[in-house]
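What the coordinates show
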Amino acid sequence: MKKTIALVLAAMMLMTLLLSGCGDSTESSKVSTGATTGDTANVDPNNPYANLDTSKEVNLIMYSVADEPLDMAEILKMANERIKTALNATLEMYFIPSAEFNVKYPLVLAGGDQLDLIYTGNYRDYRNYVEKASFMELTPEFLQTNMPQTWATLPESAWEETYVDGKIYMVPRNTAEIFPDRGPFVNMDIAEKYGFTADDIKTYDDFKKLLLAIGDKESGNGMYAYYQSSTSNFQELGWRYRFNLINNQASDYVYYCQLDDPTFEKPFFLYTSEYWKTYIQDMAEFAAAGCWPSDSISNTNSIVTLFENGQSATSRGNYYNGITMIQGYRDKGMNVELFDIFPEGYRPLRDSFLGDGYAIPAFCTQPERAAQVLDYIKCDKETNFLLAGGVEGRHYVYDEATNSVSPGPEAGEYEFDGWAWGIRHVDFPFPSTDDARINAANEHLKNSQIKDEEWPYWGFQFSPTPVSAEWAVISALITEYQPSFDLGMFGDKTMETYDEFVKQLQDAGLEKYMEDRKSTRLNSSHLYISYAVFCLKK
């Protein structure tokens, strides 16, 4: 009887909202446009840019946040030949290493020099830079005109995930099918030196024991157990995947624990949770054991770079392209394994369209041409694969039948998908491998992935405008304290400092902030529809 009532109420709720046009929600009102996204019928496959004026030759400046591939100059020259033919434009690329993001990224966006395209995404403070007016608003009309292939490819829901107060400021990649979950890479020569075999590393606790066993014992050789920095840190392994904490890559610091709350009804503020409290105590323990040097806060190299250079005994990376990274390491003579240390019952959420993309800076003087070139490198498959993976047969081997890639003989010089996350093609190929451990991890993730209808928060974007004063102080406190907590710098005074931190958050208006977010979430028509659809499907 209860189930019947729930179905009737859900159906009534869905019909009411649909008949009323769904209404405008506080966090994101719908973009109104005369065109429909995801409609390929209106795009000329032979020349989607036929109606655009590309008579003037232009050179565009594009910044990515990643390590520059060794063969980038060669590949970019080849790509520019195609871009020049298609759009009478060329692309000049620059790279900001992840560890230098906090310093270099705002400088690049400060203006003064030409800048036409820049990488962005939730993990790169997308919303904060929108609020700083760093990015140009991209209207549906602008996108339909200058990015016809992207507009035809992406569903409306993809744009919704990028909304800030109902407006678009970034162009997401063309697919979000890849799950972003990561695990630890381990230099097995070092692990075995301390008594650990591959069969000994199955859980987070096993990995923790390995790190503590290594500590700083290899520092005489310039190596540490996990040589992190304030930006290339332990967060993903230490709390996100360890406890299966999920949000849809929103930057509001609010999460759900799939293990403890599988229906996602109990949101919590990350920095006052028991999960984060456990995490920072581990960081203090690691720091005391010398798992990274005491001056790591000034480290400007990523954990990936330090692992490759033999300065870190462990690292972390995605499972979906783990074999590409491992092959590069093994080609250099490193004995490396990637491990699945997820807890029992772990379920991944698919990647968000908000996760990776590109924005046009507010001061760009040629935004139309920038958009056109971005559209081309995202949607022209041959150009996209060239930029994403280098030369087929050299850097990667493509299997068209299975739409998969495997490392080529020079994979170490240009890793497939090593930097081009923000321009992924709609037919992005999944890396293939004979590595049993990686295949098992990927199979585990695929089989347990959370279905879209189970996660009601796609498209939900909380706007902190009503609590902007509280938000500003809360964000500033997190920016101030988090790097030191990540690096275990408070030592024996970690919990004492944590209590001070929490009190400051509370004094800043954390309770008001969470109440406002809760009210927005509960009153969101988007969530009503998601829940209604979920109930009806059940």
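Residues numbered from 1 in each chain as written. Predicted model: local features only at pLDDT ≥ 70, side-chain atom pairs only at ≥ 80, totals over all residues. Heavy atoms only, no water.

**Remarks on the sheet that holds strand β12 (residues 396-399)**
As summarised here, the arrangement of the three strands in space is β12-β13-β14, forming an open sheet in which the pairing is mixed. Looking along the sheet, the strands with just one partner apiece sit at the ends: β12 and β14 (430-431). Here two bridges tie strand β13 (residues 404-407) to β14, and the two strands are oriented parallel to one another. Note on β14: the bridge partner recorded for V405 is P431. (Pairing = 2+ DSSP bridges. Helix = DSSP H or I, 4+ residues; strand = E, 2+ residues; numbered from the N terminus.)

**Some words on the nonpolar core**
One finds F135, F234, F269, W276, I377, W419 and F501 to be the most contacted residues of the largest nonpolar core, which totals 163 residues. Not counting the four nearest positions on each side in its chain, F501 is found in contact with Y271, W276, L477, I478, Y481 and F485. (Core = buried A, V, L, I, M, F, W, Y, C linked by side-chain atoms within 4.5 Å. Buried < 20%, exposed > 50% of the residue type's maximum accessible area, 1.4 Å probe, protein only. Contact = heavy atoms within 4.5 Å.)

**What about empty space enclosed by the protein?**
Under the counting rule described, the total for this entry stands at four cavities of 30 Å³ or more. The calculated volume of the largest cavity comes to roughly 170 Å³. In terms of lining, the largest cavity is formed by 15 residues, of which the most central are P180, Y241, L245, N247 and L349. A per-class count over the lining of the largest cavity returns nine nonpolar, three polar and three charged. (1 Å grid on protein atoms, 1.4 Å probe; cavity = no way out; pocket = protein on both sides within 12 Å on 5 of 7 lines; lining within 4 Å. Points joined across faces, edges and corners; volume = space filled by probe spheres on them. Nonpolar A, V, L, I, M, F, W, Y, C, P; charged D, E, K, R; others polar.)

**As for helix α3 (residues 101-108)**
Among the residues of α3, F101, Y105 and V108 are the ones counted as buried. For α3, the angular spread of buried residues about the axis comes to 65°, placing them on one side. Those residues of α3 that are exposed and angled more than 90 degrees off the buried face are V103 and L107. Tucked into the core, α3 has its buried residues touching β1 (58-65), β2 (89-96), β3 (117-120) and α4 (126-131). (Arc of directions from axis to C-beta.)

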